[in-house]
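Residues per chain, in single letters:
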Amino acid sequence: HGRPAVGQVAEVPTVPCSEPHAFEVFALFDIEGNEYPGLDEVERLAFDGCLARFEEYVGIPYESSSLEITNLYPLEDAWYEADDREVVCIAFNFDRTPLTGSIQGSAR
């Protein structure tokens, strides 16, 4: 599980699930709190939150899946300047081949 790239992301481009796509967003959630908890804690909360939402979306536990997950999370500047608390949970094929169709309920 590598760290996501550091930097600002304003929006994530979308394509229909019927078209080949490298990544699929499977959950969105906000990190609670007023004070930025620090990068290490944000990374932990983001990964744990995505892991907790994976099975409900895909249909099997992450440990049994052929998919890998990563996430986008708020950095300190965005937390305070844009009131950004959102984590974007992203799944992709472990071998980096494109996904075709949605992974929702796919038990992959």
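Scroll up to find the structure.
None of the values given here were measured: they were computed from a predicted structure. (Residues numbered from 1 in each chain as written. Predicted model: local features only at pLDDT ≥ 70, side-chain atom pairs only at ≥ 80, totals over all residues. Heavy atoms only, no water.)

**Here we look at the sheet that holds strand β3 (residues 86-93)**
Operational definition: Strand pairing requires that DSSP identify at least two bridges connecting the strands. In this description a helix means any DSSP run of H or I spanning at least four residues, a strand means any run of E spanning at least two, and both kinds are numbered starting from the N terminus. In this description, a line fitted to the C-alpha atoms serves as the axis of each element, helices being fitted only across the stretch in contact, and the angle between N-to-C directions of two axes falls anywhere from 0 to 180 degrees. Residue contacts are counted whenever heavy atoms from the two residues lie within 4.5 Å of one another.
In space, the three strands of this open sheet follow the order β1-β3-β2, with antiparallel pairing throughout. At either margin of the open sheet sits one strand with a lone partner, and together these are β1 (24-30) and β2 (67-72). Geometrically, the sheet is characterised by an average inter-axis angle of 25° between neighbouring strands, direction not taken into account. The pairing of β2 with β3 spans six bridges and is antiparallel. Looking at β3, one finds that L67 is bridged to N93. Where helix α1 (residues 39-58) meets the sheet, its contacts fall on β1, β2 and β3, and the angle it forms with β1 comes to roughly 125°.

**Some points on the side chain of R85**
Convention followed: N or O atoms within 3.5 Å of each other form a polar contact, as long as, within protein, one can give a hydrogen and the other can take it, and as long as residues adjacent in sequence are counted only when both atoms are side-chain atoms.
Turning to its location among the elements, R85 is positioned in the loop between α2 (76-81) and β3. Of note is the side chain of R85, whose polar atom sits 2.7 Å from the backbone oxygen of W79. If near-sequence neighbours (up to four positions away) are discounted, R85 is found in contact with F29, D30, I31, G33, N34, P74 and W79.

**So, the nonpolar core**
Worth spelling out the cut-off: Definition used in this section: a nonpolar core is a set of buried Ala, Val, Leu, Ile, Met, Phe, Trp, Tyr and Cys residues joined via side-chain atoms within 4.5 Å. When a residue's accessible area, from a 1.4 Å probe over protein chains only, is under 20% of the maximum for its type it is buried; when over 50% it is exposed; and in between it is partly exposed.
Membership of the largest hydrophobic core comes to 23 residues, with the highest contact counts inside it found for F26 and V87. Counting residues per element, the ones that place at least two in this core are β1, α1, β2 and β3. Per element, the largest residue contribution to this core is six residues, and it comes from α1. Each residue touching V87, except ones within four places of it in the same chain, is listed here: A27, L28, F29, I31, A46, C50, N71, L72, Y73 and P74.

**Overview of the packing of aromatic side chains**
This is how it is decided: Each Phe, Tyr or Trp ring (for Trp, its six-membered ring) is paired with any other whose centre lies within 6.5 Å, and the angle between the two planes then decides the class: stacked below 30 degrees, edge-to-face above 60, tilted in between. Definition used: whenever NZ (Lys) or CZ (Arg) falls within 6 Å of the ring centre and also within 35 degrees of the ring normal, the charge is taken to sit over that ring.
All chains considered together, the criterion is met by five aromatic pairs. Summarising the aromatic geometry, the rings of F26 and Y57 are spaced 6.2 Å apart at their centres and angled 40° between planes, so their arrangement reads as tilted. Remark: Y57 occurs in helix α1 and F26 occurs in strand β1; sequence separation between them is 31 residues. Across the pair, Y57 and F26 agree in class, each one buried. Summarising the aromatic geometry, the rings of F54 and Y62 are spaced 5.3 Å apart at their centres and angled 80° between planes, so their arrangement reads as edge-to-face. Given the relative accessible area of 0%, F54 is considered buried. The structure contains a cluster of three or more aromatic residues connected by ring pairs, namely F26, F54, Y57 and Y62. Looking at R85, its charged tip hangs above the ring of W79, at a distance of 4.0 Å from the centre.

**Remarks on the pattern of salt bridges**
To keep things clear, this is the line we draw: Here, a salt bridge means any side-chain nitrogen of Lys or Arg that lies within 4 Å of a carboxyl oxygen of Asp or Glu.
Counted according to the given criterion, the structure contains three salt bridges. For R44, the salt bridge is made with E41, and the minimal N-O distance between the two is 2.7 Å. Taken as a pair, R44 and E41 lie in helix α1 at a separation of three residues, close to a single helical turn. Looking at E41, the relative accessible area reads 29%, which means it is partly exposed. Given the relative accessible area of 39%, R44 is considered partly exposed.

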